[in-house]
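# Close look at the chain arrangement
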Amino acid sequence: MEKTPDFVAKSTWEKVLYYIALNDMPPPYLLVDKDIVKEKIRLIGRGIGGARVFYAVKANPDIEILRLIAGMDVGFEIASEGELAILKNLNVPAERIITSNPVKTFRFLSEARDYGVRYYAFDSRAEVDKLSRYVPGCSVYIRLTVNNEGSEWPLSKKFGVEIDEAAELLLYAKEKGLDPSGITFHVGSQCNNAYNWHGAIEKARELWDICSERGLKLRLLNLGGGYPIRYTKDVIEIKGIEKRISRSLKQKFPEGIDIFIEPGRAVVGDAGVFVATVIGKATRGDENWLYIDVGVFNGLMESVGGIKYKYVVGSRSAPTKWIIAGPSCDSFDVIDKDVEIPEPEVGNRVLILSSGAYTISYASEFNGFSIPKTILI
Ligand SMILES: *Cc1c(COP(=O)(O)O)cnc(C)c1O
């Protein structure tokens, strides 16, 4: 395993091998390279003048990762009382917290209000009614539907409204005593189509103008998340995406408005490497099956939605095709098919790259398999 595989930083790879060599902690566990997280926090948003960055906590809410990020000059985007509780624990001030979940629980709303959180997303009359009751006078932004094509993890069906309804809802929020501040959207997670942001910004501008004609002056545009990371394929670079976003903003929006972005995956994704073990092998017909101790339920849930991870094993034999499955008894627990890797032995380690985002945060203890620990290196 000496040579650095594609799509992982050499420095991360060295730290991972060093950690494994010096610690006999039993797998599975997730190693997260804190230098990569810091590097990403510094990089993201830099290409969009004046943008405020809010890390989307759901990508990885590990308290040590949040502590690291809290020590830098960024905020947090949260959706629940549980995420709020971790930030309270870290004494993150309310001014650095926003919530872009368009439908929130009652308990979250009252706790967020008590803590002093000001910014809330919404996309329905029912939510305006709830917000005006629980957080009177709060600042709100409307979730607009935008094209999610080219995203591996589309998010636009569950939330968002079209332009006309969005304008009505912003006016309704005002009527109810809220502060209608602006617009948000999400181009879809792992979005590899830079044009999505341009299209979304154009659409937001249309809504902005309609609001202005109707006497509502907005001041905030929240660009959501969506920046992609490298799993098994190259993706557009953050610098390139931000250059295009910046150009679209200059074309479409006046200077001096508030710009928010909410990266999740891109902050922590490629900082993470799972250390797992081969626990079984089988041949079924002409299929080769490999069983490992991290599966769909305890870490690799996104594989079900089409995320393809890269697996690294120590064996030097010629690569063959494998179906990789998790440890549980459920037939849903199949992680990937047609994975070309050299044949490992039962008991060998398997390293799974770019696995820092949406892995532990999705994990359950289904079937008695514990959630892998996260260790910062
Ligand atoms: C999940 C989420 C994000 C983060 O998205 P990534 O694709 O991980 O960058 C940002 N904003 C909202 C509202 C989200 O739900």
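Residue positions within a chain follow its written sequence, with the count starting from 1. In keeping with the predicted nature of the model, local features appear solely for residues at pLDDT of at least 70, side-chain atom pairs appear and are counted solely at 80 or more, and the whole-chain, interface and lining totals rest on all residues. Water and hydrogen atoms were dropped before computing side-chain values, which therefore reflect all heavy atoms in the structure.

## With respect to a positive patch on the surface
A contiguous patch of positive charge on the surface is contributed by R46, K239, K243, R244 and R247. Labels follow the DSSP assignment, with helices taken as runs of H or I lasting at least four residues and strands as runs of E lasting at least two, numbered in each case from the N terminus. On the secondary structure map, R46 appears in the loop between α2 (34–43) and β2 (52–56). A simple rule labels every residue: compare its accessible area, found with a 1.4 Å probe on the protein chains alone, to the largest value its type can have, and call it buried under 20%, exposed over 50%, or partly exposed in between. For R46, a relative accessible area of 61% corresponds to the exposed category. Patch definition: residues above 30% relative accessible area lacking any salt bridge, with like charges linked at up to 9 Å and the nonpolar side chains Val, Leu, Ile, Met, Phe, Trp and Tyr linked at up to 5 Å. Methods summary: accessible areas were calculated by the Shrake-Rupley approach with a probe of 1.4 Å, and residue burial reflects only the protein chains presented. By salt bridge we mean one thing: a side-chain nitrogen of Lys or Arg within 4 Å of a carboxyl oxygen of Asp or Glu. For the purpose of counting charges, residues Lys and Arg are taken to be positive, whereas Asp and Glu are taken to be negative. His and the chain ends are not included. Charge coordinates come from a single atom per side chain, which is NZ of Lys, CZ of Arg, CG of Asp or CD of Glu.

## Let's talk about the nonpolar core
Within the largest apolar cluster, 103 residues are counted, with the highest numbers of intra-cluster contacts made by F76, F185, L221, L223 and Y227. Source of the domain bounds: an automatic or database domain assignment. Each of two domains, domain 1 (10–31 + 269–376) and domain 2 (45–262), supplies a minimum of three residues to this core. L221 has contacts with I183, F185, A204, W208, L249, F253, I257, D258, I259 and F260, leaving out every residue within four places of it along the chain. Think of a nonpolar core as a cluster: buried Ala, Val, Leu, Ile, Met, Phe, Trp, Tyr and Cys residues, connected wherever their side-chain atoms sit within 4.5 Å. The criterion used for residue contact is that any of the two residues' heavy atoms lie within 4.5 Å.

## Concerning the environment of N348
Its location among the elements puts N348 in the loop between β16 (334–341) and β17 (349–352). Through-space distance from the C-alpha of N348 to that of I292 is 9.7 Å; in sequence the pair is 56 residues apart. In this view, N348 contacts A276, T277 and V278; residues no more than four positions away in its chain are not counted. Among the polar contacts made by the side chain of N348, one reaches the main-chain amide nitrogen of E345 at a distance of 2.8 Å. Here a polar contact means two N or O atoms within 3.5 Å. Within protein one must be a hydrogen donor candidate and the other an acceptor candidate, and residues neighboring in sequence count only if both atoms are side-chain atoms.

## Some details on the domain arrangement of the protein
Assigned domains within the protein: domain 1 (10–31 + 269–376) and domain 2 (45–262). Computed over C-alpha atoms only, the centres of domain 1 and domain 2 are separated by 33 Å. Across the contact, 18 residues belong to domain 1 and 15 residues belong to domain 2. Buried area is a sum: the accessible area each of two parts loses on coming together, probed at 1.4 Å, counted once for each and added. In total, about 1500 Å² of surface goes out of reach between domain 1 and domain 2, with carbon and sulfur atoms giving 59% of it. Looking at the side of domain 1 facing domain 2, the largest losses of area belong to I307, Y358 and L376, adding up to 33% of the total buried there. Our count for the domain 1 to domain 2 interface comes out at 0 salt bridges. Applying the counting criterion to the domain 1 and domain 2 interface returns 5 residue pairs in polar contact (both at pLDDT 80 or more).

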